[in-house]
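Residue-level structure breakdown
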Amino acid sequence: MDKKMIITTGILFIIIILGIFTYTLMSKNSFADKPEETEKDGENDKIKRKIGVIYFSATGTTKEIADYISQTTGGDLIEIVPEENYTSADLNYTDDDSRANKEQKSVNARPKIKNKLQIEEYDTIYLGYPIWWGMAPKIIYTLLDTYDFKDKEIIPFCTSGGSSIDVSVEDLKELAKNAVWHDGKRFSKTSKDEIENWAIWK
Ligand SMILES: Cc1cc2nc3c(=O)[nH]c(=O)nc-3n(C[C@H](O)[C@H](O)[C@H](O)COP(=O)(O)O)c2cc1C
């Protein structure tokens, strides 16, 4: 082998080594890119679907369920506060003239809400209330009349002495027709397991 041959072989050898090195680096980078994109997409999905757990509770039963749903889903817990609080006389369903009974009987009753609710911030809303005479309390009607629920996912839930949620939801749907309504669920007592299994949006 003369000197020229040795130099040419040497140069060729270096080029081949460099080629292999560059190829390895490039393929490593392209593999590394993929999971990064997926992770980013996942994060974006979470950002897109902000959850709010919005509830009215006169005696605390619905509040407890709402609290668990908020813990399970990571959604913000937001109470609907009536401008005028409900006293126990107001809630006496054995008295035809009690405030709650009169409101439920009146088609146009819309009890005022004291606090401002940032509905526009949420994409998915768990909406909770007690059943009063088979219906949602009229303050829930006020909520749906006051705010724009267009394209928001609404997942209703309630507590009651035994009545189902179904009739109440049919009424509420009429007040926010442009929302996407999901099946509702009635809870009789606070069961963390039951809530976790049901809270599909977590
Ligand atoms: C005015 C009034 C009407 C009610 N009507 C019903 C009813 O029709 N069916 C039922 O199962 N429970 C009825 N209840 C019981 C409540 O739905 C139940 O106690 C509920 O869990 C209370 O929730 P809260 O503690 O979040 O206010 C009524 C309660 C009140 C105060």
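Everything discussed here concerns the structure shown above.
So, here's what we can say about the structure. (Residues numbered from 1 in each chain as written. Predicted model: local features only at pLDDT ≥ 70, side-chain atom pairs only at ≥ 80, totals over all residues.)

**Brief notes about helix 4 (residues 138-146)**
We apply this condition: For the exposure call, what matters is how many other C-beta atoms sit within 10 Å of a residue's own: 20 or more marks it buried, 12 or fewer exposed, and in between partly exposed, using C-beta atoms placed from the backbone. Strands are runs of DSSP state E lasting at least two residues, helices are runs of H or I lasting at least four, and both sets are numbered from the N terminus onward. Any two residues are considered in contact once their C-beta atoms, placed from the backbone, lie within 7 Å.
Within helix 4, seven of the nine residues are buried, which leaves the element mostly enclosed by the surrounding structure. Buried-residue contacts for helix 4 involve helix 3 (99-105), strand 3 (124-130) and helix 5 (166-175).

**Here we look at unusual backbone geometry**
Notably, Trp133 is not glycine yet its phi reads approximately 50°, a positive angle. We note that Asp151 has phi near 65°; this positive angle belongs to a residue other than glycine. Relative to the helices and strands, Asp151 is located in the loop between helix 4 and strand 4 (153-159).

**Observations concerning the nonpolar core**
Let me state the cut-off plainly: By convention in this section, buried Ala, Val, Leu, Ile, Met, Phe, Trp, Tyr and Cys residues joined through C-beta atoms within 7 Å make up a nonpolar core.
By size, the foremost hydrophobic cluster in this structure holds 36 residues, and its most contacted members are Val53, Ile54, Tyr55, Ile69, Tyr126, Ile140 and Leu144. For this core, the elements supplying multiple residues, two or more each, are strand 1 (51-55), helix 2 (61-73), strand 3, helix 4, strand 4 and helix 5.

**Digging into the site of the ligand**
Going by this rule: For each residue, a C-beta position is placed from the backbone atoms; the residue is near a molecule or strand when that point lies within 6 Å of it. Following the grouping adopted for this structure description, the nonpolar residues are Ala, Val, Leu, Ile, Met, Phe, Trp, Tyr, Cys and Pro, the charged ones are Asp, Glu, Lys and Arg, and the polar ones are all others, Gly among them.
Surrounding the ligand, one finds 21 residues, the nearest of these being Ser57, Thr59, Thr61, Thr62 and Pro130. Looking at the shell around the ligand residue by residue, the class counts come to eight nonpolar, twelve polar and one charged.

**Let's talk about the pairing of strand 4**
Note the cut-off: Two strands are said to pair when DSSP picks up at least two bridges between them. Handedness rule for crossovers: strands pointing away from the viewer, path from the first strand over the helix to the second running clockwise, crossover right-handed.
Extensive coverage of strand 4 is indicated by the burial of six of its seven residues. As judged from the seven bridges shared by strand 3 and strand 4, these two strands associate in the parallel manner. Of the residues in strand 4, the one forming a bridge with Tyr126 is Ile155. The parallel pair strand 3 and strand 4, bridged by helix 4, forms a crossover whose chirality is right-handed. Sheet analysis places strand 4 next to strand 5 (residues 180-181), joined by two bridges and oriented parallel. In the strand pairing of strand 5, Glu153 is matched with Val180. For strand 4 and strand 6 (residues 185-187), the ladder comprises three bridges, and the chain directions are parallel. From the neighbouring strand, Cys158 faces strand 6, where its bridge partner is Arg186.

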